[in-house]
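Listed below, chain by chain, are the residues.
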Amino acid sequence: MSATPKKNLMLFSGRAHPELAEQVAKHLDVTITPQSAYSFANGEIFVRFEESVRGCDAFVLQSHSAPINDQIMEQLIMVDALKRASAKRITVVMPFWGYARQDKKHRGREPISARLVADMFKVAGADRIMTVDLHTAQIQGFFDGPVDHLFALPVLAEHIKRTYADEQLAVVSPDSGRVRLAERWAETLGGTPLAFIHKTRDPRRPNEAVANRVVGEIDGRTCVVIDDMIDTGGTVAKTVEVLLKGGAKDVVVAATHGVLSGPAPNRLATCGAREVIFTDTLPIPDEKRFTSMTVLSIAPLLARAIHEVFDDGSVTSLFDGNA
(Lines give C-alpha, C1' and ligand atoms only; values in the text may rest on other atoms or scores of the structure.)
Protein backbone atom coordinates (compact mmCIF):
# COMPACT_ATOMS: atom_id res chain seq x y z
CA MET A 1 0.00 0.00 0.00
CA SER A 2 1.37 3.43 -0.89
CA ALA A 3 0.04 6.95 -0.43
CA THR A 4 1.16 10.47 -1.25
CA PRO A 5 1.32 12.49 1.99
CA LYS A 6 -0.75 15.67 1.94
CA LYS A 7 0.45 18.78 3.79
CA ASN A 8 -2.17 20.53 5.85
CA LEU A 9 -1.57 23.87 7.61
CA MET A 10 -3.67 24.44 10.74
CA LEU A 11 -3.59 27.62 12.83
CA PHE A 12 -4.40 27.55 16.55
CA SER A 13 -4.86 30.56 18.81
CA GLY A 14 -4.67 30.99 22.56
CA ARG A 15 -6.97 33.41 24.34
CA ALA A 16 -4.37 36.14 24.98
CA HIS A 17 -4.56 38.05 21.67
CA PRO A 18 -7.35 36.71 19.41
CA GLU A 19 -7.32 39.88 17.23
CA LEU A 20 -3.74 39.18 16.11
CA ALA A 21 -4.58 35.54 15.35
CA GLU A 22 -7.59 36.62 13.26
CA GLN A 23 -5.39 39.00 11.23
CA VAL A 24 -2.75 36.30 10.66
CA ALA A 25 -5.48 33.85 9.58
CA LYS A 26 -6.85 36.44 7.15
CA HIS A 27 -3.42 36.98 5.56
CA LEU A 28 -2.90 33.22 5.27
CA ASP A 29 -6.45 32.70 3.97
CA VAL A 30 -7.15 30.01 6.58
CA THR A 31 -9.55 29.76 9.51
CA ILE A 32 -8.47 29.37 13.12
CA THR A 33 -9.15 25.80 14.26
CA PRO A 34 -12.14 25.81 16.65
CA GLN A 35 -11.41 24.77 20.22
CA SER A 36 -12.91 24.67 23.69
CA ALA A 37 -10.73 26.56 26.18
CA TYR A 38 -11.67 27.59 29.68
CA SER A 39 -10.26 27.95 33.19
CA PHE A 40 -11.50 26.04 36.21
CA ALA A 41 -12.34 27.84 39.46
CA ASN A 42 -8.86 27.14 40.85
CA GLY A 43 -7.13 28.56 37.74
CA GLU A 44 -6.39 25.28 35.94
CA ILE A 45 -6.66 25.59 32.15
CA PHE A 46 -8.42 23.14 29.84
CA VAL A 47 -8.09 23.03 26.04
CA ARG A 48 -9.65 20.65 23.50
CA PHE A 49 -9.60 21.03 19.71
CA GLU A 50 -12.94 20.49 18.00
CA GLU A 51 -11.65 18.76 14.85
CA SER A 52 -9.00 16.22 13.91
CA VAL A 53 -5.39 17.48 13.86
CA ARG A 54 -3.75 14.16 12.89
CA GLY A 55 -0.81 14.66 10.52
CA CYS A 56 -1.20 18.45 10.32
CA ASP A 57 1.48 21.15 10.29
CA ALA A 58 0.33 23.01 13.42
CA PHE A 59 1.10 26.66 14.24
CA VAL A 60 0.15 27.61 17.81
CA LEU A 61 -0.07 31.39 18.26
CA GLN A 62 -0.08 32.93 21.73
CA SER A 63 1.15 36.31 22.99
CA HIS A 64 2.82 36.15 26.39
CA SER A 65 0.98 39.13 27.86
CA ALA A 66 -0.19 39.69 31.43
CA PRO A 67 -1.01 37.47 33.26
CA ILE A 68 2.08 36.01 31.62
CA ASN A 69 2.18 32.69 33.49
CA ASP A 70 -1.39 31.85 32.44
CA GLN A 71 -0.63 32.60 28.78
CA ILE A 72 2.53 30.49 28.74
CA MET A 73 0.77 27.60 30.50
CA GLU A 74 -2.15 27.73 28.07
CA GLN A 75 0.21 27.53 25.09
CA LEU A 76 2.09 24.61 26.68
CA ILE A 77 -1.21 22.77 27.19
CA MET A 78 -2.19 23.42 23.56
CA VAL A 79 1.15 22.00 22.37
CA ASP A 80 0.70 18.93 24.59
CA ALA A 81 -2.83 18.37 23.24
CA LEU A 82 -1.53 18.56 19.65
CA LYS A 83 1.32 16.15 20.33
CA ARG A 84 -1.07 13.62 21.89
CA ALA A 85 -3.46 14.03 18.94
CA SER A 86 -0.68 13.11 16.44
CA ALA A 87 0.05 16.49 14.82
CA LYS A 88 2.96 15.96 12.41
CA ARG A 89 4.91 19.13 13.29
CA ILE A 90 4.21 21.73 15.97
CA THR A 91 5.50 25.30 15.60
CA VAL A 92 5.09 27.54 18.63
CA VAL A 93 4.47 31.13 17.48
CA MET A 94 5.24 33.46 20.38
CA PRO A 95 5.53 37.03 19.08
CA PHE A 96 6.91 37.99 22.52
CA TRP A 97 9.10 35.43 24.34
CA GLY A 98 8.04 35.45 28.00
CA TYR A 99 10.84 35.82 30.57
CA ALA A 100 13.27 36.91 27.81
CA ARG A 101 14.93 39.45 30.13
CA GLN A 102 16.08 36.63 32.42
CA ASP A 103 18.58 35.30 29.88
CA LYS A 104 21.67 35.16 32.14
CA LYS A 105 22.73 35.25 35.78
CA HIS A 106 23.66 38.73 37.00
CA ARG A 107 24.56 37.38 40.45
CA GLY A 108 24.81 33.98 42.12
CA ARG A 109 21.75 31.83 42.89
CA GLU A 110 19.61 33.38 40.13
CA PRO A 111 17.58 31.44 37.52
CA ILE A 112 17.92 31.63 33.74
CA SER A 113 14.18 31.66 33.16
CA ALA A 114 14.31 32.29 29.39
CA ARG A 115 16.05 28.89 29.05
CA LEU A 116 13.43 27.28 31.30
CA VAL A 117 10.65 28.51 28.99
CA ALA A 118 12.46 26.98 25.99
CA ASP A 119 12.92 23.66 27.84
CA MET A 120 9.24 23.52 28.80
CA PHE A 121 8.10 23.95 25.19
CA LYS A 122 10.55 21.26 24.04
CA VAL A 123 9.25 18.81 26.63
CA ALA A 124 5.63 19.69 25.77
CA GLY A 125 6.30 18.62 22.16
CA ALA A 126 7.24 21.75 20.19
CA ASP A 127 9.38 21.10 17.10
CA ARG A 128 10.04 24.73 16.22
CA ILE A 129 9.69 28.23 17.71
CA MET A 130 8.87 31.45 15.88
CA THR A 131 9.32 34.74 17.72
CA VAL A 132 9.85 38.47 17.11
CA ASP A 133 12.75 40.63 18.36
CA LEU A 134 14.25 38.62 21.19
CA HIS A 135 15.68 40.62 24.09
CA THR A 136 19.06 39.09 23.25
CA ALA A 137 19.74 37.02 20.12
CA GLN A 138 21.53 34.19 21.98
CA ILE A 139 18.17 33.05 23.43
CA GLN A 140 17.78 31.23 20.08
CA GLY A 141 20.36 28.75 21.36
CA PHE A 142 18.24 27.89 24.41
CA PHE A 143 15.81 25.84 22.28
CA ASP A 144 17.02 22.51 20.89
CA GLY A 145 15.49 22.90 17.44
CA PRO A 146 14.91 25.55 14.76
CA VAL A 147 14.10 29.07 15.97
CA ASP A 148 12.76 31.60 13.47
CA HIS A 149 13.84 34.97 14.85
CA LEU A 150 11.81 37.63 13.04
CA PHE A 151 12.60 41.36 13.09
CA ALA A 152 10.04 44.14 13.38
CA LEU A 153 12.59 46.71 12.14
CA PRO A 154 11.26 46.77 8.53
CA VAL A 155 7.70 47.38 9.77
CA LEU A 156 8.71 50.18 12.17
CA ALA A 157 11.31 51.75 9.86
CA GLU A 158 8.89 51.90 6.92
CA HIS A 159 6.46 53.93 9.04
CA ILE A 160 9.24 56.31 10.13
CA LYS A 161 10.54 56.77 6.57
CA ARG A 162 7.03 57.52 5.35
CA THR A 163 6.09 59.87 8.21
CA TYR A 164 9.37 61.78 8.69
CA ALA A 165 10.72 61.80 5.13
CA ASP A 166 11.50 65.53 5.16
CA GLU A 167 13.30 65.65 8.53
CA GLN A 168 16.91 65.20 9.57
CA LEU A 169 16.95 62.06 11.69
CA ALA A 170 19.30 60.57 14.26
CA VAL A 171 18.94 57.04 15.64
CA VAL A 172 19.36 56.82 19.40
CA SER A 173 19.96 53.66 21.42
CA PRO A 174 18.64 53.97 24.99
CA ASP A 175 21.78 52.18 26.24
CA SER A 176 25.10 50.84 24.95
CA GLY A 177 23.66 47.30 24.68
CA ARG A 178 21.37 48.28 21.77
CA VAL A 179 24.07 49.94 19.62
CA ARG A 180 24.25 47.02 17.15
CA LEU A 181 20.48 47.29 16.61
CA ALA A 182 20.82 51.07 16.25
CA GLU A 183 23.44 50.53 13.51
CA ARG A 184 20.96 48.40 11.54
CA TRP A 185 18.31 51.08 12.04
CA ALA A 186 20.68 53.82 10.81
CA GLU A 187 21.53 51.75 7.72
CA THR A 188 17.83 51.10 6.98
CA LEU A 189 16.99 54.79 7.33
CA GLY A 190 19.72 55.75 4.85
CA GLY A 191 22.84 56.28 6.94
CA THR A 192 21.58 58.61 9.68
CA PRO A 193 23.89 59.60 12.58
CA LEU A 194 24.00 57.38 15.65
CA ALA A 195 23.86 58.27 19.32
CA PHE A 196 23.34 56.40 22.57
CA ILE A 197 22.46 57.24 26.14
CA HIS A 198 25.04 56.40 28.75
CA LYS A 199 23.09 55.09 31.73
CA THR A 200 23.56 53.11 34.91
CA ARG A 201 21.32 50.38 36.31
CA ASP A 202 21.31 48.58 39.66
CA PRO A 203 20.64 44.83 39.05
CA ARG A 204 19.01 44.63 42.48
CA ARG A 205 16.36 47.22 41.52
CA PRO A 206 14.40 46.03 38.44
CA ASN A 207 12.73 48.51 36.08
CA GLU A 208 14.90 51.39 37.32
CA ALA A 209 17.68 53.11 35.41
CA VAL A 210 19.41 56.49 35.52
CA ALA A 211 19.98 58.21 32.16
CA ASN A 212 23.19 60.20 32.40
CA ARG A 213 24.24 61.83 29.13
CA VAL A 214 24.00 61.64 25.33
CA VAL A 215 26.97 60.31 23.36
CA GLY A 216 26.66 61.38 19.71
CA GLU A 217 25.43 64.24 17.49
CA ILE A 218 21.71 65.04 17.91
CA ASP A 219 21.59 68.85 17.77
CA GLY A 220 18.56 70.08 15.78
CA ARG A 221 17.61 66.57 14.66
CA THR A 222 14.51 64.44 15.12
CA CYS A 223 15.76 61.59 17.30
CA VAL A 224 14.38 58.07 16.82
CA VAL A 225 14.75 56.18 20.11
CA ILE A 226 14.68 52.44 19.43
CA ASP A 227 14.19 49.51 21.81
CA ASP A 228 12.89 45.94 21.79
CA MET A 229 10.34 46.44 24.59
CA ILE A 230 8.93 49.12 26.86
CA ASP A 231 7.70 47.87 30.22
CA THR A 232 7.24 50.59 32.86
CA GLY A 233 8.41 53.38 30.51
CA GLY A 234 10.80 54.94 33.03
CA THR A 235 13.96 54.51 30.95
CA VAL A 236 12.36 55.83 27.76
CA ALA A 237 10.78 58.83 29.52
CA LYS A 238 14.18 59.79 30.98
CA THR A 239 15.85 59.24 27.60
CA VAL A 240 13.37 61.60 25.88
CA GLU A 241 13.99 64.22 28.58
CA VAL A 242 17.79 63.96 28.21
CA LEU A 243 17.57 64.22 24.39
CA LEU A 244 15.31 67.30 24.42
CA LYS A 245 17.61 68.99 26.95
CA GLY A 246 20.59 68.01 24.79
CA GLY A 247 19.31 69.93 21.76
CA ALA A 248 17.12 67.44 19.89
CA LYS A 249 14.43 69.09 17.75
CA ASP A 250 11.92 66.27 18.36
CA VAL A 251 11.87 62.71 19.70
CA VAL A 252 10.08 59.68 18.24
CA VAL A 253 10.05 56.38 20.17
CA ALA A 254 9.88 53.06 18.27
CA ALA A 255 9.67 49.71 20.09
CA THR A 256 8.48 46.24 19.12
CA HIS A 257 6.79 45.05 22.31
CA GLY A 258 4.46 47.30 24.30
CA VAL A 259 4.41 45.58 27.70
CA LEU A 260 3.21 48.86 29.29
CA SER A 261 3.00 47.89 32.95
CA GLY A 262 1.66 50.19 35.65
CA PRO A 263 2.43 53.88 35.04
CA ALA A 264 3.90 53.33 31.54
CA PRO A 265 1.03 54.81 29.43
CA ASN A 266 0.94 58.01 31.49
CA ARG A 267 4.74 58.35 31.47
CA LEU A 268 4.92 57.91 27.70
CA ALA A 269 1.98 60.24 27.04
CA THR A 270 3.58 63.06 29.09
CA CYS A 271 7.30 62.52 28.41
CA GLY A 272 7.45 64.97 25.48
CA ALA A 273 7.82 62.43 22.65
CA ARG A 274 6.15 63.45 19.39
CA GLU A 275 5.09 59.88 18.61
CA VAL A 276 5.38 56.49 20.34
CA ILE A 277 5.24 53.54 17.93
CA PHE A 278 4.66 49.87 18.81
CA THR A 279 3.76 46.73 16.92
CA ASP A 280 0.86 44.60 18.14
CA THR A 281 2.96 41.59 19.23
CA LEU A 282 1.25 42.13 22.59
CA PRO A 283 -2.36 43.29 23.00
CA ILE A 284 -2.61 47.00 23.87
CA PRO A 285 -6.10 47.68 25.25
CA ASP A 286 -7.86 51.01 24.68
CA GLU A 287 -7.28 52.17 28.26
CA LYS A 288 -3.49 51.98 27.69
CA ARG A 289 -3.57 53.96 24.45
CA PHE A 290 -3.05 57.72 24.12
CA THR A 291 -3.15 60.34 21.39
CA SER A 292 0.49 60.16 20.27
CA MET A 293 0.62 56.32 20.23
CA THR A 294 0.71 54.42 16.92
CA VAL A 295 0.25 50.63 16.82
CA LEU A 296 1.41 48.84 13.65
CA SER A 297 0.29 45.34 12.66
CA ILE A 298 2.84 42.53 12.89
CA ALA A 299 0.35 40.06 11.34
CA PRO A 300 1.59 40.35 7.71
CA LEU A 301 5.15 39.51 8.82
CA LEU A 302 4.02 36.54 10.94
CA ALA A 303 1.80 35.26 8.14
CA ARG A 304 4.62 35.43 5.58
CA ALA A 305 6.98 33.61 7.95
CA ILE A 306 4.39 30.90 8.69
CA HIS A 307 3.82 30.46 4.95
CA GLU A 308 7.58 30.08 4.33
CA VAL A 309 7.93 27.49 7.11
CA PHE A 310 4.92 25.51 5.84
CA ASP A 311 6.21 25.70 2.26
CA ASP A 312 9.77 24.73 3.26
CA GLY A 313 10.91 28.12 2.00
CA SER A 314 13.40 30.63 3.42
CA VAL A 315 12.42 32.77 6.41
CA THR A 316 15.73 34.65 6.05
CA SER A 317 14.60 35.87 2.61
CA LEU A 318 11.97 38.00 4.35
CA PHE A 319 14.79 40.23 5.61
CA ASP A 320 17.77 39.59 3.28
CA GLY A 321 16.24 39.50 -0.18
CA ASN A 322 17.13 36.19 -1.85
CA ALA A 323 19.23 34.84 1.04
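Relevant structure appears above.
This structure is a prediction, so every number in the text was calculated from the model and none was measured.

*Asks:* Which parts of the structure should I look at to understand helix α2 (residues 68–84)?
*Replies:* Residues spaced three or four apart along an α-helix face the same direction, because each turn holds 3.6 residues. In this model, α2 (17 residues) spans 25 Å end to end at C-alpha, consistent with the 24 Å of a helix rising 1.5 Å per residue. For α2, the full list of buried residues reads Gln-71, Ile-72, Glu-74, Gln-75, Leu-76, Met-78, Val-79 and Leu-82. As for α2, its buried residues are in contact with β1 (9–13), β2 (35–39), β3 (45–49), β4 (57–61), β5 (89–94) and α3 (113–124). Where α2 terminates, the next one or two residues include Ser-86, which has phi positive at roughly 70 degrees.

*Asks:* Any chance you could explain unusual backbone geometry here in plain terms?
*Replies:* Between Ala-66 and the following residue, Pro-67, the backbone shows a cis peptide bond with an omega angle of -5 degrees. Positionally, Pro-67 belongs in the loop between β4 and α2. Of note in this structure, Tyr-99 is not a glycine but carries a positive phi near 70 degrees. Position of Tyr-99 relative to the elements: it lies in the loop between β5 and α3. By relative accessible area, Tyr-99 is classed as partly exposed at 30%.

*Asks:* It is not clear to me how the sheet that holds β5 should be interpreted in this structure. Could you clarify?
*Replies:* Adjacent strands of a sheet pair through backbone hydrogen bonds, lying either parallel or antiparallel. Here we have five strands laid out as an open sheet, ordered β1-β4-β5-β6-β7, and parallel in their pairing. Here the strands that pair on one side only, and so sit at the sheet edges, are β1 and β7 (147–150). Ignoring strand direction, the axes of neighbouring strands in this sheet form an average angle of 20 degrees. With four bridges connecting them, β5 and strand β6 (residues 128–132) associate as parallel partners. Bridge pairing in β6 places Met-94 opposite Thr-131. With respect to the sheet, α2 is in contact with β1, β4 and β5, its orientation differing from that of β5 by roughly 170 degrees.

*Asks:* What's the story with the packing of helix α1 (residues 18–28) against helix α8 (residues 299–310) in this structure? I'm lost.
*Replies:* Working note: a packed helix pair is described by the angle between its axes plus the distance between those axes. Running from N to C, α1 and α8 point in directions that differ by 55 degrees, and their axes come no closer than 8 Å. By the angle class used here, α1 and α8 are oblique. As for the relative orientation of α1 and α8, their crossing is right-handed in sense. From α1, Leu-20, Gln-23, Val-24, His-27 and Leu-28 reach across to α8, where they touch Ala-299, Pro-300, Leu-302, Ala-303, Ile-306 and His-307. A breakdown of the residues in the contact of α1 with α8 according to their chemical character gives eight nonpolar, three polar and no charged.

*Asks:* Quick question: what am I supposed to make of the pattern of salt bridges here?
*Replies:* For side chains bearing opposite charge, pairing can occur when the charged atoms are close. Applying the stated criterion to the full structure yields 17 salt bridges. Put simply, Arg-162 and Glu-158 hold a salt bridge, and the shortest N to O gap is 3.9 Å. With Arg-162 and Glu-158 both in helix α4 (residues 153–163) and four residues apart, the pair spans about one turn of that helix. On the basis of relative accessible area, Arg-162 is assigned to the exposed category, the value being 55%.

Calculation criteria
- Residues numbered from 1 in each chain as written.
- Predicted model: local features only at pLDDT ≥ 70, side-chain atom pairs only at ≥ 80, totals over all residues.
- Heavy atoms only, no water.
- Helix = DSSP H or I, 4+ residues; strand = E, 2+ residues; numbered from the N terminus.
- Expected span 1.5 Å × (residues − 1).
- Buried < 20%, exposed > 50% of the residue type's maximum accessible area, 1.4 Å probe, protein only.
- Contact = heavy atoms within 4.5 Å.
- Pairing = 2+ DSSP bridges.
- Axes fitted to C-alpha atoms, helices over the stretch in contact; angles between N-to-C directions.
- Parallel < 35°, antiparallel > 145°, perpendicular 65-115°, else oblique.
- Left-handed = near helix turned anticlockwise from the far one by under 90°.
- Nonpolar A, V, L, I, M, F, W, Y, C, P; charged D, E, K, R; others polar.
- Salt bridge = Lys/Arg side-chain N within 4 Å of Asp/Glu carboxyl O.

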